[in-house]
Amino acid sequence: MSWLPLANNAAEWRTSAAHLLTSSMGAPYTIVMRILLIEDEEAIREVIKRGLEEERIYSVETAADGVTGLRLASEGEFALIILDIMLPKLDGWRVCEELRARRDATPVLMLTARDAVRDRVRGLDIGADDYLTKPFDFEELLARVRALLRRDKKNKSRVMHIAHLEIDTGEHRVVCAGQEVMLTPREYALLETLAMHEGRIVSRDTIQYRVWNNEECSSNTVDVYVSALRRKIEACSPVRLIHTVYGLGYSLKPPLAEETT
Ligand code: CA
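Not measured: the values here are computed from a predicted model.

Caption draft 1: Fine view of the overall build of the protein chain. Helix and strand counts for the protein chain stand at ten helices and eleven strands. Classification of the 261 residues of the protein chain by burial places 26% in the buried group. Here the contacts in the protein chain between residues at least 6 apart in sequence split such that 58% fall between residues at least 24 apart.

Caption draft 2: Quick peek at helix H2 (residues 42-54). With 13 residues, H2 should cover 18 Å at 1.5 Å per step; its first-to-last C-alpha distance of 18 Å lies within 8% of that length. One or two residues past the end of H2 sits Arg56, with phi positive at roughly 65°.

Caption draft 3: Structural detail: the sheet that holds strand S1 (residues 33-38). If you walk across this open sheet you meet the five strands as S2-S1-S3-S4-S5, and the pairing is parallel. Only two strands of the sheet have a single neighbouring strand rather than two, namely strand S2 (58-63) and strand S5 (130-133). Averaged over all neighbouring strand pairs, the angle between strand axes comes to 20°, with direction disregarded. In this sheet, S2 lies alongside S1 in parallel orientation, the contact comprising six bridges. Opposite Leu37, over in S2, you have Thr62 as the bridge partner. Relative to S1, helix H3 (residues 66-75) is tilted by about 160°, and along the sheet it contacts S1, S2 and strand S3 (80-84). In the packing of helix H4 (residues 92-101) onto the sheet, the strands contacted are S1, S3 and strand S4 (108-112), and the crossing angle to S3 comes to about 150°.

Caption draft 4: Looking closely at the confidence of the model for the protein chain. When pLDDT is averaged along the protein chain, the result is 81; 82% of the residues meet or exceed 70. Element-level pLDDT for the protein chain is lowest in helix H1 (residues 10-24), with a mean of 37, against a maximum mean of 96 in S3. Confidence drops under pLDDT 50 across residues 1-29; counting only partners more than four residues distant or on other chains, this segment forms 24 contacts.

Caption draft 5: The arrangement of the sheet that holds strand S6 (residues 159-162) in detail. Taken in spatial order, the four strands of this open sheet run S6-S7-S8-S9, and their pairing is antiparallel. The sheet terminates laterally at S6 and strand S9 (179-181), the two strands that pair on one side only. Within the sheet, the average angular offset between the axes of one strand and its neighbour, ignoring direction, is 25°. Of the strands in this sheet, S6, strand S7 (165-168) and strand S8 (173-176) touch helix H7 (residues 185-196), which is tilted by about 110° from S7.

Caption draft 6: The arrangement of the packing of H3 against H4 in detail. Packing of H3 against H4 brings their axes to within 10 Å, and their N-to-C directions diverge by 25°. Regarding the angle of H3 to H4, the classification is roughly parallel. Here H3 runs over H4; the crossing is right-handed. Here H3 contributes Gly66, Gly69, Leu70 and Ala73 to the contact with H4, which in turn contributes Gly92, Arg94, Val95, Glu98 and Leu99. For the contact of H3 with H4, the per-class residue count stands at four nonpolar, three polar and two charged.

Caption draft 7: Region of interest: unusual backbone geometry. The omega angle of the peptide bond from Lys134 to Pro135 is -5°, so this bond is cis rather than trans. Its place among the elements puts Pro135 in the loop between S5 and helix H6 (138-155). Even without glycine at this site, Arg56 takes up a positive phi of about 65°. Tracing the sequence through the fold places Arg56 in the loop between H2 and S2.

Caption draft 8: Geometry of the nonpolar core. Ranked by internal contacts, the top residues of the largest apolar core, which has 30 residues, are Ile35, Leu80, Ile81, Ile82 and Leu83. Those elements that place two or more of their residues in this core are S1, H2, S2, H3, S3, H4, S4 and H6. Leaving out residues up to four positions away in the same chain, Ile35 has contacts with Leu52, Tyr58, Val60, Phe78, Ala79, Leu80 and Ile82. Core analysis: the next-biggest nonpolar cluster, separate from the first, contains 23 residues, Ile167, Val174, Leu183 and Leu190 among them.

Caption draft 9: Layout of the packing of H7 against helix H9 (residues 219-234). As a packed pair, H7 and H9 sit with axes 10 Å apart at the nearest point and diverge in direction by 85°. Here H7 lies roughly perpendicular to H9, going by the angle between them. The residues of H9 that touch H7, namely those facing Arg186, Glu187, Leu190 and Leu191, are Tyr225, Val226, Ala228 and Leu229. Each residue belonging to the contact of H7 with H9 can be placed in one class, and the counts come to six nonpolar, no polar and two charged.

Reading the values: the criteria
- Residues numbered from 1 in each chain as written.
- Predicted model: local features only at pLDDT ≥ 70, side-chain atom pairs only at ≥ 80, totals over all residues.
- Helix = DSSP H or I, 4+ residues; strand = E, 2+ residues; numbered from the N terminus.
- Buried ≥ 20, exposed ≤ 12 C-beta atoms within 10 Å, placed from the backbone.
- Contact = placed C-beta atoms within 7 Å.
- Expected span 1.5 Å × (residues − 1).
- Pairing = 2+ DSSP bridges.
- Axes fitted to C-alpha atoms, helices over the stretch in contact; angles between N-to-C directions.
- pLDDT = per-residue confidence, 0-100.
- Parallel < 35°, antiparallel > 145°, perpendicular 65-115°, else oblique.
- Left-handed = near helix turned anticlockwise from the far one by under 90°.
- Nonpolar A, V, L, I, M, F, W, Y, C, P; charged D, E, K, R; others polar.
- Core = buried A, V, L, I, M, F, W, Y, C linked by C-beta atoms within 7 Å.

Here is the structure:
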């Protein structure tokens, strides 16, 4: 354990000890994964949304046509897209093709009413990751969602490098300039959220949504957590990484080359 040398005062030590306690008891929260569901049949849309949200680790946004779905997909960060084929305005094939043309690699699970091999092959050819034939068992949908998210996590690099920071998203471990930084689970979730949007502004709303899972949380709470996180990171980073963007939110970015000289 290398956390003791980092605990440079009593308060810090208590935070580290509290972190160890919560870690050993299991994380008291989970990072919510956002899923986009593009499906025009309201009844199916509602069943899938409700079923997934009952798992308490997914939050589902919905679109009832292809154009709206594509717009939401390009505006938000989704862990997975569930995409019906027969859709008004723009069908599922075109939505998927357009996503891949935009180099959007979000996993896509296609829903098809047809069981034709040709349709399934076409879906996989244009970049869908898996398909499910309607009518389907909800448990099967859940299993496929889990499998796709697992596969995607494995495909993505587990360790993010930003300036002097190394963030291991599998182990939830953070190293800064060679020193391990002890973060509480929420501080870690906050850092990961900022790191996933490196260089971009993350609003307090997005932070509340991802880190507090829409629990009661004031924007002041977010500010307090950001300050604590910044203090811990800057204790070992030679440069400022977490920036406040007045009126908009926060941004994690390394300084430009000329700023470090
Ligand atoms: Ca449909």
